[in-house]
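Overview (structure and organization)
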Amino acid sequence: MRPIQMVDLKQQYHKIKSEVDEAVIAVLESVAFINGKPVQDFAEHLSTYIGSKHVIPCANGTDALQITMMGLGLQPGDEVITPSFTYIATTEVIALLGLTPVFVEVDPKTFCMDPVSLENAITGKTRAIVPVHLYGHAAPMAEIMTIAAKHGIPVIEDNAQAIGGTYRYDNGTRKKTGTIGIAGTTSFFPSKNLGGYGDGGAIFTDDDDLAEKMKMIANHGQRKRYYHDIVGCNSRLDTLQAAILDIKLKYLDRYIAARKTAADYYDRALTTVPGITVPFRALYSDHVFHQYTLILDGIDRDGLNKFLAEKGIPSMIYYPVPGHRQKMFEGFDTTKVSLPVTDWLTERVISLPIHTELDEDQQHYIVSAIREYINQ
Ligand SMILES: *Cc1c(COP(=O)(O)O)cnc(C)c1O
């Protein structure tokens, strides 16, 4: 059996090595390292794939969030509502821009923003809502959009973990996650579902004016070279990364299918294990399984993590400290909220290896080890 990793990028690379190597060498030969043709090509292909009028490539998924918040003209003191149960990038940029992060609950089944908690957190100062499609499961977008529309607040979808996923409305129509709010953001961090071989990110929007403004912000606030109209930053997707991502985009649906197959295997093998709750899949969400995350009840999580590690099986806690308990936000009154579901989940979640190269032998071994731990 091959060694088990949380993510097996090497095996995945080797399957597309000749294509990737050729594209990388072509960029090297072109020496157009910044804003080379592959950047525009990739943005166009991604725009078609995702179904968004504009795709603005940038340096990483954190910048994508920052540029979007700047593009929306958010000002210091404005409140931005976001789940506490997410990766730090979502919430950190809010504070970085002098905005106030307002942490709300997630649903204990989907791990995504709880609409009731959202609605209760809206004040006269709320200027944006940032749901996260965590672990690859879509947030309840119809409900979130209805609440947002009622109060006239823009929604930014953090789609870093769910690219390629879809949201299904009650009437059966579908939209890709990241294309429902005024803007969506994503990350091409290597371990993400569409990962480059370095950092990268992108923003999606159908809004022409916002797209224009965000393009300027990502490029030192200029439309015309050396004429800087607004304060921006320098956030670009490298040509090399774009060339690699353009190839990997063609495989994205296959990569997602492989993740789903692995998730189905885990589901079948673990559903009946007492004390384990396998990932919930809401009818409205096509889960793309960036992570396969269990909820443990009455099982010693650290013990399981150690037991698996001794058998060569990695497992991870995403994330050990929720936003409202991070030191960096100590200065905000908004962290002094009670988020019992978030705290409950934080103590109980554990993520198993999931990636495009996981095979049944490995999964059989992982599942057997979990059963052995629980039965001992
Ligand atoms: C990875 C990630 C980001 C940020 O992506 P980077 O490219 O690492 O900056 C933002 N939000 C979520 C939920 C993520 O998982």
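The notes below deal with the structure included here. None of the values given here were measured: they were computed from a predicted structure.

A few words now on the pattern of salt bridges. Overall, the coordinates contain 16 salt bridges when judged by the stated rule. Put simply, lysine 150 and glutamate 119 hold a salt bridge, and the shortest N to O gap is 2.7 Å. Taken as a pair, lysine 150 in helix α7 (residues 141-151) and glutamate 119 in helix α6 (residues 115-121) lie far apart in primary sequence, 31 residues in all. For glutamate 119, a relative accessible area of 28% puts it in the partly exposed group. For aspartate 286, the salt bridge is made with lysine 260, and the minimal N-O distance between the two is 2.7 Å.

With respect to the secondary-structure elements, glutamine 222 resides in strand β10 (residues 222-224). Once residues lying within four places of it in the same chain are set aside, the contact partners of glutamine 222 are Met216, Tyr227 and His228. Within polar-contact distance, the side chain of glutamine 222 engages the backbone nitrogen of tyrosine 226 at 2.8 Å.

With 14 residues, helix α2 (residues 17-30) extends 20 Å between its outermost C-alpha atoms, agreeing within 8% with the 20 Å of an ideal straight helix rising 1.5 Å per residue. Every buried residue belonging to α2 is among Val20, Ala23 and Val27, and all of these are buried. Taken end-on, α2 shows its buried residues confined to a sector of 65°, consistent with a single buried face. Of the residues in α2, the exposed ones pointing more than 90 degrees away from the buried face are Ser18, Glu22 and Glu29. Elements in contact with the buried residues of α2: α1 (9-15), α3 (37-50) and α9 (239-270). Following α2 by one or two positions, valine 31 has its phi on the positive side, about 50°.

Moving on to the site of the ligand. Near the ligand there are 14 residues, and of these Gly61, Thr62, Asp158, Ser187 and Lys192 occur at the shortest range. Separating an oxygen atom of the ligand from a backbone N or O atom of glycine 61 is a distance of 2.8 Å. Within the side chain of lysine 192, a nitrogen or oxygen atom sits 3.1 Å from an oxygen atom of the ligand. For the ligand, the accessible surface in isolation is 380 Å², of which the surrounding protein chains cover 93%. Elements with a minimum of two residues in the shell around the ligand: α4 (61-71) and α5 (88-96).

Right, let's get into the nonpolar core. One broad trend across soluble globular proteins is that nonpolar side chains are buried collectively. Core analysis: the biggest nonpolar cluster contains 33 residues, and Ile81, Phe85, Phe111, Ile129 and Ile144 have the highest contact counts within it. Going through the elements one at a time, β3 (100-104), α6 and α7 are the ones with two or more residues in this core. For this core, the element with the highest residue contribution is α7, accounting for four residues. Looking at which domains feed residues into this core, each of domain 1 (9-102 + 113-249) and domain 2 (253-375) supplies at least three. Ignoring anything within four residues of it in the chain, the contact list for isoleucine 144 reads Met113, Leu118, Ile129, Pro131, Ala139 and Val155. Of all hydrophobic cores here, the second largest spans 28 residues; its members include Ala269, Leu270, Ile276 and Ile354.

Before going further, it helps to examine empty space enclosed by the protein. According to the stated counting rule, one finds two cavities of 30 Å³ or more in the structure shown. Forming the walls of the largest cavity are 13 residues, and the residues nearest its centre are Val7, Leu9, Gln12, Lys192 and Arg259. Broken down by class, the residue content of the lining of the largest cavity amounts to three nonpolar, six polar and four charged. In this structure, the lining of the largest cavity is formed jointly by two domains, domain 1 (9-102 + 113-249) and domain 2 (253-375), each of which donates at least three residues. Looking at the second largest cavity, its volume works out to about 40 Å³. Gly51, Ser52, Gly178, Thr179, Gly181, Ile182, Phe204, Thr205 and Asp206 together form the lining of the second largest cavity. The residue inventory of the lining of the second largest cavity, partitioned by class, reads two nonpolar, six polar and one charged.

Okay, the side chain of serine 52 next. Following the sequence through the fold, serine 52 ends up in the loop between α3 and β1 (54-58). Judged by relative accessible area, serine 52 falls into the buried class, the value being 4%. For serine 52, the residues in contact, after removing those within four places along its chain, are Ser47, Thr179, Phe204, Thr205 and Asp206.

Each value, and the rule that gives it
- Residues numbered from 1 in each chain as written.
- Predicted model: local features only at pLDDT ≥ 70, side-chain atom pairs only at ≥ 80, totals over all residues.
- Heavy atoms only, no water.
- Salt bridge = Lys/Arg side-chain N within 4 Å of Asp/Glu carboxyl O.
- Helix = DSSP H or I, 4+ residues; strand = E, 2+ residues; numbered from the N terminus.
- Buried < 20%, exposed > 50% of the residue type's maximum accessible area, 1.4 Å probe, protein only.
- Contact = heavy atoms within 4.5 Å.
- Polar contact = N/O pair within 3.5 Å; in protein donor to acceptor, adjacent residues only side chain to side chain.
- Expected span 1.5 Å × (residues − 1).
- Arc of directions from axis to C-beta.
- Near = heavy atom within 4 Å.
- Areas by Shrake-Rupley, 256 points an atom, 1.4 Å probe, with all protein chains shown as cover.
- Core = buried A, V, L, I, M, F, W, Y, C linked by side-chain atoms within 4.5 Å.
- Domains from an automatic or database assignment.
- 1 Å grid on protein atoms, 1.4 Å probe; cavity = no way out; pocket = protein on both sides within 12 Å on 5 of 7 lines; lining within 4 Å.
- Points joined across faces, edges and corners; volume = space filled by probe spheres on them.
- Nonpolar A, V, L, I, M, F, W, Y, C, P; charged D, E, K, R; others polar.

Interpretation note: all reported values are geometric properties and have no functional meaning in isolation.
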